[in-house]
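# Fold and geometry: a report
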Amino acid sequence: FYTVFDIDNGINLLEDFLVDRLSSVGDLPILLCGDLNGRTSNVFPECYDVNQLFDPIENTIYSNIKRRSKDQVLNLYGKCLLNMCSSLGLCILNGVCNGDLQGRYTFISDFGNSVNDYFIASTDLFEVIRSTCFLYVSDHIESQHMPLELSLMMGGSSCVISNIKEREKEFI
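Remember, predicted model here, so these are calculated numbers, not experimental data.

This paragraph deals with the overall build of the chain. Helix and strand content of the chain: 4 helices and 10 strands. Along its sequence from the N terminus, the chain presents helices and strands in the succession α-β-β-β-α-β-β-β-β-α-β-β-β-α. Counting every position in the chain, which comprises 172 residues, the buried fraction comes to 41%. Restricting the contact set of the chain to residue pairs at least 6 apart, pairs at least 24 apart contribute 71%.

As structure tokens, this is what we get:
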């Protein structure tokens, strides 16, 4: 948990790490999953050149895609997360992928619900998976954080990426 007094919050540290890695290995596709403690409301980061990305499913350019979220709060860490996404060309998958088009809550507590667990992809990866990805946010409560699972189809192959521990999968 971060406080407003943190100068180097976790989002800034993650951004510094990614910049360092990308500078040493080159431009690679990125897929992030985790509890980032940022609340981004329904904002879709400016993560692309709108003249180059066209969505054949929606028959529109990506800038017109509406990211949905049941969490309407935009907090300081959410702003940091959106800034990181914009500067590194990353797109938030929550609220835009099949399976989670409503932007379901990923954190449930007695003090309120929020979306702070994310799947985030680089623009080049987002272009490839946009029409075939499926983001599953479970209703099964093992903790306050909902299990997330992303299914991808690329080049005839499929894979599943999850924050669900193997022993927890048997309960879902």
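Structure's up, so let's keep going.
Among the nonpolar cores identified, the biggest contains 17 residues, and L93, F119, F126, I129, C133 and L150 are the most heavily contacted of them. Broken down by secondary-structure element, the contributors of at least two residues to this core are strand 7 (117–122), helix 3 (123–129), strand 8 (134–137) and strand 9 (148–154). By size, the runner-up hydrophobic cluster in this structure holds 15 residues, among which are I30, L32, L36 and C80.

Spatial ordering of the open sheet is given by 1-7-4, a layout of 3 strands whose pairing is antiparallel. The strands lining the two open edges of the sheet, one partner per strand, are strand 1 (31–35) and strand 4 (90–92). Neighbour to neighbour, the strand axes of the sheet diverge by 25° on average, direction disregarded. Summarising the sheet, strand 1 and strand 7 pair through 5 bridges and their orientation is antiparallel. Residue pairing in the sheet places L31 in a bridge with A121 of strand 7.

According to the stated counting rule, one finds 1 aromatic pair in the structure shown. When the centroid spacing of 6.0 Å and the interplanar angle of 50° are considered together, the rings of F44 and F126 count as tilted. Taken together, the residues span a long stretch of sequence, with F44 in the loop between strand 1 and strand 2 (54–55) and F126 in helix 3 at a distance of 82 residues. Under the relative-accessibility criterion, F44 is labelled buried at 12%.

What follows is about the pairing of strand 10 (residues 157–162). Every other side chain in a regular strand lies on the same face of the sheet, so the side chains alternate between the two faces. Of the pairings in the sheet, the one linking strand 9 to strand 10 comprises 6 bridges and is antiparallel in character. By the bridge assignment, E149 is partnered in strand 10 with S162. What sits between strand 9 and strand 10 in their antiparallel hairpin is a turn of 2 residues, with G155 showing a positive phi close to 55°.

Backbone geometry at N37 places phi at a positive 55°, although glycine is not the residue there. By the element assignment, N37 lies in the loop between strand 1 and strand 2. Positive phi, close to 55°, is recorded for S41, a residue that is not glycine. By the element assignment, S41 lies in the loop between strand 1 and strand 2. Overall, S41 belongs to the buried group, its relative accessible area being 8%.

The subject of this paragraph is helix 2 (residues 76–88). Here helix 2 is 13 residues long and its end C-alpha atoms lie 18 Å apart, about the 18 Å a rise of 1.5 Å per residue gives. Against the buried residues of helix 2 lie helix 1 (10–25), strand 1, strand 4 and strand 7. Backbone nitrogen of Y77 and a side-chain oxygen of the N-cap are separated by 3.2 Å at the start of helix 2; the cap is N75. Directly after helix 2, the chain includes G89, whose backbone phi takes a positive value near 70°.

Let's shift gears to the environment of Y118. Mapped onto the fold, Y118 is located in strand 7. Under the relative-accessibility criterion, Y118 is labelled buried at 0%. Residues Y118 and L148, 30 residues apart in the sequence, show an inter-C-alpha distance of 8.2 Å. Residues within four places of Y118 in sequence aside, it is in contact with L32, C33, G34, L36, G38, R39, T40, R67, L81, I92, N94 and L148. Only 3.1 Å separates the side chain of Y118 from the side chain of T40, close enough to count as a polar contact.

What counts, and where the lines are drawn
Residues numbered from 1 in each chain as written. Predicted model: local features only at pLDDT ≥ 70, side-chain atom pairs only at ≥ 80, totals over all residues. Heavy atoms only, no water. Helix = DSSP H or I, 4+ residues; strand = E, 2+ residues; numbered from the N terminus. Buried < 20%, exposed > 50% of the residue type's maximum accessible area, 1.4 Å probe, protein only. Contact = heavy atoms within 4.5 Å. Core = buried A, V, L, I, M, F, W, Y, C linked by side-chain atoms within 4.5 Å. Pairing = 2+ DSSP bridges. Axes fitted to C-alpha atoms, helices over the stretch in contact; angles between N-to-C directions. Phe/Tyr/Trp six-rings, centres within 6.5 Å; stacked < 30°, edge-to-face > 60°. Expected span 1.5 Å × (residues − 1). Polar contact = N/O pair within 3.5 Å; in protein donor to acceptor, adjacent residues only side chain to side chain.

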